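Here is how the chains run, residue by residue.
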Amino acid sequence: SHINILGGYVSGGATSNLIDIENSAGAVVNGTVFRLGNETAGQNVTGVAINGANSKGNIVSNCVFYSEGTSSVVMVGVNINNTQNNVVSANVFYAGSTAAFTKMISIENSSYNVIQGNSLSGYATVGVILDAASSHNGGVNSINPTNITTPISDSGTLNTIASI
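Remember, predicted model here, so these are calculated numbers, not experimental data.

What counts, and where the lines are drawn
- Residues numbered from 1 in each chain as written.
- Predicted model: local features only at pLDDT ≥ 70, side-chain atom pairs only at ≥ 80, totals over all residues.
- Heavy atoms only, no water.
- Helix = DSSP H or I, 4+ residues; strand = E, 2+ residues; numbered from the N terminus.
- Rg over C-alpha atoms; globule rule 2.2 N^0.38 Å.
- Buried < 20%, exposed > 50% of the residue type's maximum accessible area, 1.4 Å probe, protein only.
- Contact = heavy atoms within 4.5 Å.
- Areas by Shrake-Rupley, 256 points an atom, 1.4 Å probe, with all protein chains shown as cover.
- Polar contact = N/O pair within 3.5 Å; in protein donor to acceptor, adjacent residues only side chain to side chain.
- Core = buried A, V, L, I, M, F, W, Y, C linked by side-chain atoms within 4.5 Å.
- Phe/Tyr/Trp six-rings, centres within 6.5 Å; stacked < 30°, edge-to-face > 60°.

Explain the overall build of the chain residue by residue, including any values.
Along its length, the chain carries zero helices and 18 strands. Computed over the C-alpha atoms, the radius of gyration of the chain is 14 Å, within 12% of the 15 Å expected from 2.2 N^0.38 for a compact globule of 164 residues. Looking at the 164 residues of the chain, the share that counts as buried comes to 46%. Within the chain, residue pairs in contact and separated by at least 24 positions form 72% of the contacts whose partners lie at least 6 positions apart. Total accessible area computed for the chain in this model is approximately 6,700 Å², and 53% of it derives from carbon and sulfur atoms.

Pasting the structure below:
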C-alpha cells in the first residue's frame, strides 16, 4: 500500500506513535512537524514508528522533530523496528534542556536502512542507536555532541552511521 503524508503538524497527548507505519511498503512522510514532550509523566511517545517485516521502502524526510515541556516521558523521534530498506533523511531533531529526547533515531532488529543528512542537536540521551540485531545500516548525519550524551551507539554489525 502507498500513502503520502505531506506537511502538517502532529502533537501527542497520550502514549502512542504519532504516525505508525505497520507492515506497509512505500509510505512517505515529508515536511511534517512533530511536537513531542507534552505527554503526561511516565508515558512513551514516538514521532514516526516504522515496524514489521513487510515495512520496506518507506521514507521519512524533511521533517522537524522537536520537544518542549518536561522530560518525564520516553521520547523517540523515529523508530525503525524489525524491517529493512527504509530511508530517514534531511530531518531536523531538536530538544531543549527541560525535555530531552531519550533517542532521536532508534534502529532495532533492522538492516539495510539509510539514515542520511539528518541534523541532531539540543539535548538527548542518545542521538542514533542501533541494537545488536541491526546490521548494514548506513549514512552520514550532522550530530552536535554538546548536549547529546551518546551521539551514536552501535551494538550491531557492519553499520556505517557517522557524524560530520
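An account of the side chain of Asn-118 is requested, with residue identities and associated values reported.
Mapped onto the elements, Asn-118 comes out in the loop between β13 (114–116) and β14 (119–122). There is a polar contact of 3.4 Å between the side chain of Asn-118 and the backbone nitrogen of Ala-90. For Asn-118, the side chain forms a polar contact with the main-chain nitrogen of Asn-91, separated by 3.0 Å. What Asn-118 contacts, discounting residues up to four positions off in sequence, is Val-88, Ser-89, Ala-90, Asn-91, Phe-93, Ile-105, Val-140, Asn-141 and Ser-142.

Quick rundown of the environment of Asn-58? Include the residues and the values.
Tracing the backbone through its elements, the reader meets Asn-58 in the loop between β6 (44–51) and β7 (59–61). Placed 39 residues apart in sequence, Asn-58 and Ser-97 show a C-alpha to C-alpha distance of 31 Å. In terms of polar contacts, Asn-58 uses its side chain to reach the backbone carbonyl oxygen of Ser-24, at 2.9 Å. Separated by 3.2 Å, the side chain of Asn-58 and the backbone nitrogen of Gly-26 make a polar contact.

How would you explain the nonpolar core if you had to name every residue and give the values?
In this structure, Phe-34, Val-48 and Phe-65 are the most contacted members of the largest nonpolar core, which totals 33 residues. At four residues, strand β12 (residues 101–108) tops the list of elements feeding residues into this core. Excluding residues that lie within four positions of it along the chain, Phe-65 makes contacts with Phe-34, Gly-47, Val-48, Val-60, Gly-77, Val-78, Asn-91, Val-92, Phe-93, Tyr-94 and Phe-101.

Please provide a residue-by-residue account of the side chain of Asn-113, values included.
By the element assignment, Asn-113 lies in the loop between β12 and β13. What makes Asn-113 buried here is its relative accessible area of 1%. Here Ser-111 takes part through its backbone oxygen, which lies 3.2 Å from a polar atom of the side chain of Asn-113. When near neighbours in sequence (up to four residues on either side) are disregarded, Asn-113 contacts Ile-80, Thr-83, Gln-84, Asn-85, Asn-86, His-136, Asn-137 and Gly-138.

Can you lay out the environment of Ile-105 for me, pointing to particular residues and giving the numbers?
The residue Ile-105 is located in strand β12 in this model. Look at Ile-105 and you get buried, because its relative accessible area is 0%. Placed 23 residues apart in sequence, Ile-105 and Val-128 show a C-alpha to C-alpha distance of 4.7 Å. Contacts of Ile-105, omitting those with residues within four sequence positions, involve Val-78, Val-88, Phe-93, Ile-115, Asn-118, Leu-120, Gly-127, Val-128 and Ile-129.

So what's going on with the packing of aromatic side chains? Residues and values would help.
Considering all chains together, one arrives at two aromatic pairs under this definition. Summarising the aromatic geometry, the rings of Phe-34 and Phe-65 are spaced 4.6 Å apart at their centres and angled 5 degrees between planes, so their arrangement reads as stacked. Note that Phe-34 is positioned in strand β5 (residues 33–36) and Phe-65 in strand β8 (residues 64–67), a separation of 31 residues in sequence. Of the residues examined, Phe-65 reaches a relative accessible area of 0% and is grouped as buried. Their ring planes at 5 degrees and their centres at 4.7 Å tell us that Phe-65 and Phe-93 sit as a pair that is stacked. Placement of Phe-65 in strand β8 and of Phe-93 in strand β11 (residues 92–95) is noted, with a sequence separation of 28 residues between them. The pair formed by Phe-65 and Phe-93 is uniform in burial state, with each residue classed as buried. Taken together, the aromatic side chains of Phe-34, Phe-65 and Phe-93 make up a single cluster linked through ring pairs.

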